[in-house]
Amino acid sequence: MNEMFAEQISWESSEAKIVRHAAILSSQLQQLRSRMYPPAAQKKLRSFLTNEVSSLTTIPSSTLKLMSNEGRGPIPDRLDNNHRAYTLPQINELRAYFAEHKPAEALRFLPRRRAGEHLQVLAISNFKGGSAKTTTSVHLAHYLALYGYRVLAIDLDPQASLSAMFGSQPEVDVGVNETVYAALRYDDHRRPVREVIRKTYFDGIDLIPANLEVMEFEHDTPRALAGRVDDSGGIFFERLRVALRDVDEDYDIVLLDTPPSLGFLTLAAIYAATGMIVTVHPAMLDIASMNQFLLMMGDLIGVLNENGADLQQDFFRYLITRHNPNDQPQAQVVAMLRHLFGTDVLTATAIESTAVEAAGLAKRSLYELEAGQVGRDTHRRAREAIDAVNADILNLIQVSWGRV
Ligand SMILES: Nc1ncnc2c1ncn2[C@@H]1O[C@H](COP(=O)(O)OP(=O)(O)O)[C@@H](O)[C@H]1O
Ligand SMILES: [Mg+2]
């Protein structure tokens, strides 16, 4: 028998092995996924205890209890231990109630933007995958909604991980012409952005989900440029900004979760953005990659500007993500970034935490975890860190509204 043939029998070819391993992994991952998040699962937001409602709304716990006893305002459910449990829609009812009854302090209870305060469009960017863009977007969206802001989250990534966090399954739930691409495309099938916006299970957050379709924008744009398509949607980089004008009045903050690439869609996001958060994991390789990102972005913005674009951003900040303060090499990178960029690096950092990871696997944010899902101290520490990050970003928003 030929020696090579014998070898093929006992030694699997690399090709066969790769195919086999991929199949094993796919099935394992599928099992893991359906265990963590059953395909038929409907996302539902947990309820909130009096203390938490009080800290979200600044309404004293004693007032909340009194109101519920007197039957004023929304009536919370009672848990087995008789504790009051409010839904987020009820919390928002309380906000409206207090804003109406104490008009002098309305802004404190209902912090939505006022006349003269422009819609905030925040792009969460970096073309390094795994720099926590989606995690940052989800936590920020949840935080803002919990504090009473109206949020539109737009998934610009064909991988659709943000959509998945909101319980949307790209293959099943998102049909043809139901992503942001529908509002950006250059042909007759273009739709008003409002038509692709969906309500989510999270009161105060609407979503434009993604699937692979959003990539079409990358294919269409060169053709549109070559063919000098001239419709009311604007040049490629203006199209998202133009599309959003239709819903300007409906939201306080639009969050753009961008794909890990610097394509036409990411450029449109950067152009639409009034503020930008570049997420950066403090490791040398990630910094090198971010450097590339900045160089390319600088070049491209230069080209946009030459073409009459006017980039109007209120802020541009770096956010350190998946930060492990006990890791010496990471500490050096963080120190370097702070030295080089000073206050352009947000003070708060997104601490690396198993709570975030575990929550992510269950398609949840830290704000959604119920007691007992991860260790209480782990959860509390992670939540404090992420709260601080979100508070920093909310502060930037407030500053650009001229409130602080
Ligand atoms: N603070 C954190 N602690 C632990 N894991 C994190 C943290 N932030 C993100 N991750 C995990 O890192 C992975 C990549 O995050 P993701 O937000 O999807 O990145 P990107 O959108 O930039 O590709 C995810 O598995 C996520 O759960
Ligand atoms: Mg992502």
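Everything below is about the structure shown above.
Here is a short report on the structure shown in this document. (Residues numbered from 1 in each chain as written. Chains lettered and ligands numbered in written order. Predicted model: local features only at pLDDT ≥ 70, side-chain atom pairs only at ≥ 80, totals over all residues. Heavy atoms only, no water.)

Bringing the overall build of the protein into the picture now. Regarding its fold elements, the protein presents 17 helices and 10 strands. A compact globule built from 404 residues would reach a C-alpha radius of gyration of about 22 Å, and the protein, at 23 Å, matches this within 12%. The principal-axis extents of the C-alpha atoms in the protein amount to approximately 90 × 55 × 50 Å. Within the protein, the fraction of its 404 residues that count as buried is 48%. Within the protein, counting contacts between residues at least 6 apart in sequence, those at least 24 apart form 76% of the total. Of the roughly 20200 Å² of accessible surface on the protein, 54% is carried by carbon and sulfur atoms. Treating the 41 positive side-chain charges of the protein as one cloud and the 50 negative ones as another, the clouds have centres 7 Å apart. (Helix = DSSP H or I, 4+ residues; strand = E, 2+ residues; numbered from the N terminus. Rg over C-alpha atoms; globule rule 2.2 N^0.38 Å. Buried < 20%, exposed > 50% of the residue type's maximum accessible area, 1.4 Å probe, protein only. Contact = heavy atoms within 4.5 Å. Areas by Shrake-Rupley, 256 points an atom, 1.4 Å probe, with all protein chains shown as cover. Lys, Arg positive; Asp, Glu negative; His and termini not counted. Charge placed at Lys NZ, Arg CZ, Asp CG, Glu CD.)

The final tally for this structure, using the stated rule, is 22 salt bridges. Where Glu 52 meets Arg 46, a salt bridge forms, and the shortest distance between an N and an O atom there is 2.9 Å. We note that Glu 52, like Arg 46, is buried. Within this structure, Arg 46, Glu 52, Arg 383 and Asp 387 form a network of salt bridges that share partners. (Salt bridge = Lys/Arg side-chain N within 4 Å of Asp/Glu carboxyl O.)

The 7 strands are arranged β6-β7-β5-β8-β4-β9-β10 in an open sheet whose pairing can be described as mixed. Looking at which strands have only one partner, the edges of the open sheet turn out to be β6 (198–199) and β10 (315–320). Direction of pairing for strand β5 (residues 151–155) relative to strand β7 (residues 205–208): parallel, over a ladder of 4 bridges. The residue bridging Ile 154 from the neighbouring strand is Ile 208, located in β7. (Pairing = 2+ DSSP bridges.)

Attention now moves to the site of ligand 1. Near ligand 1 the following residues occur: Gly 129, Gly 130, Ser 131, Ala 132, Lys 133, Thr 134, Thr 135, Arg 322, Ile 351, Glu 352, Ser 353 and Val 356. Ser 131 places a main-chain nitrogen or oxygen 3.1 Å from an oxygen atom of ligand 1. Contacts to ligand 1 include Thr 135, whose side-chain N or O atom sits 2.5 Å from an oxygen atom. Look at ligand 1: alone it shows 560 Å² of surface, and the protein chains cover 77% of it. It is helix α7 (residues 133–146) that contributes the most residues to the shell around ligand 1, 3 residues altogether. In terms of residue class, the shell around ligand 1 is made up of 3 nonpolar, 6 polar and 3 charged. (Near = heavy atom within 4 Å. Polar contact = N/O pair within 3.5 Å; in protein donor to acceptor, adjacent residues only side chain to side chain. Nonpolar A, V, L, I, M, F, W, Y, C, P; charged D, E, K, R; others polar.)

The subject of this paragraph is helix α14 (residues 284–306). The periodicity of an α-helix, 3.6 residues per turn, causes residues three or four places apart in sequence to face the same way. Given a rise of 1.5 Å per residue, 23 residues ought to cover 33 Å, and the 33 Å separating the end C-alpha atoms of α14 matches this to within 8%. Inspection of α14 places Asp 286, Ile 287, Ser 289, Met 290, Phe 293, Met 297, Ile 301 and Leu 304 among the buried residues, and these make up the whole buried set. For α14, the secondary structure elements touched by its buried residues are β4 (120–125), α13 (264–272), β9 (275–280), β10 and α15 (328–341). At the exit of α14 stands Gly 308, carrying a positive phi of roughly 85°. (Expected span 1.5 Å × (residues − 1).)

What follows deals with the side chain of Thr 279. As for its position among the elements, Thr 279 is in strand β9. Side-chain polar atoms of Thr 279 contact the side chain of Ser 131, separated by 3.0 Å. Excluding anything up to four places from it in sequence, Thr 279 contacts Ile 124, Ser 125, Asn 126, Ser 131, Ala 132, Lys 133, Thr 136, Leu 319 and Thr 321.

Our next topic: helix α17 (residues 376–400). Taking 1.5 Å of rise per residue, the 25 residues of α17 would be expected to cover 36 Å, and the 36 Å separating its terminal C-alpha atoms lies within 8% of that figure. One or two positions beyond α17, positive phi appears at Gly 402, with a value near 80°.

On to the packing of aromatic side chains. In total, this model carries 14 aromatic pairs according to the counting rule given. Look at Tyr 186 and Phe 217: their rings are 5.8 Å apart centre to centre, the planes differ by 0°, and that puts the pair in the stacked class. Placement of the pair is Tyr 186 in the loop between α10 (181–184) and β6 and Phe 217 in helix α11 (residues 216–226), with a sequence separation of 31 residues. Considered together, Tyr 186 and Phe 217 belong to a single accessibility category, that of buried residues. Following the ring pairs from residue to residue traces out a cluster consisting of Phe 236, Phe 237, Phe 264 and Tyr 271. (Phe/Tyr/Trp six-rings, centres within 6.5 Å; stacked < 30°, edge-to-face > 60°.)

Judged by how many residues are buried, β10 sits mostly within the fold: 5 of 6 residues are covered. Looking at chain direction, β9 and β10 are connected through 6 bridges and run parallel. For Gly 275, the partnering residue across the bridge sits in β10 and is Phe 315. Each parallel crossover has a hand, and the one from β9 via α14 to β10 is right-handed. (Right-handed = clockwise from strand over helix to strand, strands pointing away.)

Turning our attention to unusual backbone geometry. Its identity as a non-glycine residue notwithstanding, Asn 126 has a phi of 160°, on the positive side. Tracing the backbone shows Asn 126 in the loop between β4 and α7. Residue class for Asn 126 comes out buried when judged on its relative accessible area of 2%. Positive phi, normally seen in glycine, also occurs at Ala 160, with a value near 60°. Within the secondary structure, Ala 160 is located in the loop between β5 and α8 (161–165).

This next bit is on the pairing of strand β8 (residues 253–257). With 5 of its 5 residues buried, β8 lies for the most part within the structure. Burial along β8 is two-sided: Ile 253, Leu 255 and Asp 257 and Val 254 and Leu 256, pointing in opposite directions, are all buried. Where β5 and β8 come together, 5 bridges link them in parallel fashion. Opposite Leu 152, over in β8, you have Val 254 as the bridge partner.

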